[in-house]
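# Commentary on secondary and tertiary structure
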Amino acid sequence: MTANFAALAYVLASVLFIMALRGLSGPETARMGNVYGIAGMVIAILTTLATPGVVSYAEILAALVIGGALGTFIAQRIEMASMPQLVAAFHSLVGLAAVLVAAAAFYNPAAYGIADAAGALKFVSRIEMSLGTIIGAITFSGSIVAFAKLQGLVSGNPVVFPGQHLANLLLGLVIIAIAVAFCMDVDPRWFWAMAGLAFLMGFAIIIPIGGADMPVVISMLNSYSGWAAAGIGFTLENTALIVTGALVGSSGAILSYIMCKAMNRSFFSVILGGFGGDTAAAGPAAGEKPVKAGAAEDAAFIMKNAGKVIIVPGYGMAVAQAQHALRELGDLLQAEGVEVSYAVHPVAGRMPGHMNVLLAEASVPYDEVFELDQINSEFRTTDVAFVIGANDVTNPAARDDPQSPLYGMPILDVDKARTVLFVKRSLSPGYAGVDNELFYRDNTMMLFADAKKMCDDIVKALG
Amino acid sequence: MEATAVDPFVFRLAIFVLAIFVGYYVVWSVTPALHTPLMSVTNAISSVIIVGALIAAGPGEFELSKIFGLIAIALAAVNIFGGFAVTHRMLAMYKKKERG
């Protein structure tokens, strides 16, 4: 295979990858998009296998089979609620693969055609390699921390200590200094010092970020994994890798932006961390003000007699795995002639689109699920807003109280509905540590229970 | 070198910049309901880094870079197979309402 032909094949692969992303503009075209993605990958791999110099097919096949079998197994078994962890784990693999490929290119530049006349690594390749390695290593360790937090292996609370930002800044500067040294003098010790410190950096920048900010973190790591791939693509002079890296990098960046905007936080305030643990550290003492609590039977009665119900799911639904019971509840209400729809806030859950996947898993038709700006004006004509496992994204203080830390965050206006049913285990505040005045309103009925148990009980009461 | 010759690096940089713009417009057109599959599929395609691993693992003789390459192939393969498979699984769940 000539180099020109291979280059054209890589362009074709890139086009197929673009079409894979384009397909995601709607659920119908998305399935075809995934097929384009697979086709692009097959073309890229076959083209590389046909490159002169690639001869050890047995070992390559063995590695492919081991990794492929493991990946397929995991993909078939994973619970949809665990998707954020899985994506974080996959990001870490891309990061580590980037570092390993950079190391391989470092030790054998001739195989990639990036050696100069003397057999040493070309200068521009050294810069590209440093970037790919550093970003890859940060992606690897940062994703491991994100995985551990999401999986509950470590506390989701932010880990902060005095001087943290200064320490991180210094670490970053040291890494840059070592990268410069590496570019001047290609010594393996510089390479590994650079990779090692970047691993450390990945841990250091993700530990201060709380569990509830994970949608931004995952998107950001998604972006990093793309930039790492692009960096390696420049090193290897491979257009498919450069294009894909750019696509993935901008995709992750856009998702981070959307998530930050949906929380009304700046990207930097999220990155600096210290905000949003799994449990709020010091919430105001609740229970002073009277709340109206109800039982499943009350909720069933109210909803059965309603004309229009909007269901607002949040992370609590994912934790309780309540989506199937919730869908059953929705079906029963529809059978009673109630108009049921679902409202999803962009940051509900632990990753972008988390709630949509869980509802799809429970066979909720996607045309009954609406985004914030599609449905927000509907609440004023709604009889019942059924809030299950969401909290801060419904807090009217974000809209009305300039003193609130949540102020400015776009919320679902559930308080405009005639009645609000709020499923929650206790009166504890949300991740932002802010009390929700919605609990104490006259038109709110609190349903104190685990989300799944409450849905089951309401289903029983309806049946 | 002629004064008019353009370094191939510049061409690659141009491709990179244009691809960022393509990514920007394509990703804004992705419906928010599919943001999770977007992440899993971008994960799978960013593992096209496997092409670099294949070249490293390619030579017949055993050396350090080949070992790195083989490990990277296995890691990227987990991602490629896992990423596309889980995306497929998710997308199969998105159904329209059955009417009538």
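An account of the accompanying structure is given in this report. (Residues numbered from 1 in each chain as written. Chains lettered and ligands numbered in written order. Predicted model: local features only at pLDDT ≥ 70, side-chain atom pairs only at ≥ 80, totals over all residues. Heavy atoms only, no water.)

### Brief notes about the packing of aromatic side chains
All names here are of chain A. Rules: Stacked, edge-to-face and tilted labels apply to pairs of Phe, Tyr and Trp rings (six-membered ring for Trp) whose centres lie within 6.5 Å, assigned for plane angles under 30 degrees, over 60, and everything in between, in that order. For every residue, the accessible area (1.4 Å probe, protein chains only) is compared with the maximum for its type, and the residue is labelled buried under 20%, exposed over 50%, or partly exposed between those bounds.
Tallying each qualifying case throughout the model produces 16 aromatic pairs over all chains. Seen in terms of ring centroids, Phe106 and Tyr107 are 5.2 Å apart; in terms of plane orientation they differ by 80°. Their pairing is edge-to-face. According to the relative accessible area criterion, Phe106 is buried, its value standing at 10%. Relative accessible area serves as the criterion here: at 33%, Tyr107 is assigned to the partly exposed category.

### Some points on the packing of helix H4 (residues 83-107) of chain A against helix H7 (residues 188-206) of chain A
Residues and elements named next belong to chain A. Selection rule: Axis lines are fitted to C-alpha atoms, over the contacting stretch for helices. Their N-to-C directions set the angle, which ranges from 0 to 180 degrees. Where helices and strands are cited, they refer to DSSP runs of H or I of at least four residues and of E of at least two residues respectively, numbered from the N terminus. Geometric relationships in this document are graded by angle, where less than 35 degrees denotes roughly parallel, more than 145 denotes roughly antiparallel, 65 to 115 denotes roughly perpendicular, and other angles denote oblique. The criterion used for residue contact is that any of the two residues' heavy atoms lie within 4.5 Å. When residue character is reported, Ala, Val, Leu, Ile, Met, Phe, Trp, Tyr, Cys and Pro are called nonpolar, Asp, Glu, Lys and Arg charged, and the others, Gly included, polar.
Remark: H4 packs on H7, axes separated minimally by 11 Å, with the N-to-C direction vectors making an angle of 175°. It follows that H4 is roughly antiparallel to H7 by the angle criterion. Residue-level contacts link Leu96, Val99, Ala102, Ala103, Phe106 and Tyr107 of H4 to Pro188, Phe191, Trp192, Ala195 and Phe199 of H7. Of the residues that constitute the contact of H4 with H7, the class distribution is 11 nonpolar, no polar and no charged.

### Brief notes about the nonpolar core
Proteins that are soluble and globular tend to have nonpolar side chains buried together. Going by this rule: Residues grouped as a nonpolar core are buried Ala, Val, Leu, Ile, Met, Phe, Trp, Tyr and Cys residues, joined through side-chain atoms within 4.5 Å.
Core analysis: the biggest nonpolar cluster contains 193 residues, and A:Phe386, A:Ile388, A:Ile458 and B:Ile73 have the highest contact counts within it. Apart from residues lying up to four places away in sequence, B:Ile73 is in contact with A:Ile60, A:Ala63, A:Leu64, B:Ile50, B:Ala53, B:Leu54 and B:Ala57.

### So, the interface of chain A and chain B
Frequently, the measure chosen for interface size is the accessible area removed from exposure when the parts meet. Defined as follows: Defined here as a combined quantity, buried area equals the accessible surface (1.4 Å probe) lost by two parts on assembly, summed across both. We define a salt bridge as a side-chain nitrogen of Lys or Arg found within 4 Å of a carboxyl oxygen belonging to Asp or Glu. Polar contacts, as used here, are pairs of N or O atoms within 3.5 Å; protein pairs need one atom able to donate a hydrogen and one able to accept it. Residues neighboring in sequence count only if both atoms are side-chain atoms.
Counting residues at the interface gives 100 residues for chain A and 78 residues for chain B. For the pairing of chain A and chain B, the buried interface totals around 7,900 Å² over both sides, and the portion due to carbon and sulfur atoms is 77%. Counting every contact that joins chain A to chain B gives 3 salt bridges. Across the salt bridge formed by B:Arg12 and A:Glu237, the nearest N and O atoms sit 3.4 Å from each other. The tally of links from chain A across to chain B stands at 27 residue pairs in polar contact (both at pLDDT 80 or more).

### Regarding helix H6 (residues 164-184) of chain A
Put simply, the test is: Expected helix span is taken as 1.5 Å per residue step, with the number of steps being one fewer than the number of residues.
Between its first and last C-alpha, H6(A) extends 30 Å over 21 residues, near the 30 Å set by a 1.5 Å rise per residue. Taken residue by residue, H6(A) has A:Gln164, A:Asn168, A:Leu171, A:Gly172, A:Ile175, A:Ile178, A:Ala179, A:Ala181, A:Phe182 and A:Cys183 as its buried positions.

### Looking at the sheet that holds strand E2 (residues 339-344) of chain A
Residues and elements named next belong to chain A. Cut-off, in case you're wondering: Only strands joined by at least two bridges in the DSSP assignment are considered to pair.
Read from one edge to the other, the open sheet built from 6 strands follows the order E3-E2-E1-E4-E5-E6, with strand pairing classed as parallel. Two strands in the sheet have a free side with no partner beyond their single neighbour: strand E3 (369-371) and strand E6 (444-448). Along the sheet, successive strands turn relative to each other by an average axial angle of 25°, direction set aside. Both E2 and E3 contribute to a ladder of 3 bridges, which runs parallel. Within E3, the position partnered with Ala343 by the bridge is Phe370. Sheet strands touched by helix H11 (residues 296-304): strand E1 (308-313), strand E4 (384-388), strand E5 (419-424) and E6. Its angle to E5, the strand with the most contacts, is close to 145°. Sitting on the sheet, helix H14 (residues 354-361) is in contact with E1, E2 and E3, with an inclination near 145° to E2.

As far as function goes, none of this settles anything; it's purely spatial.
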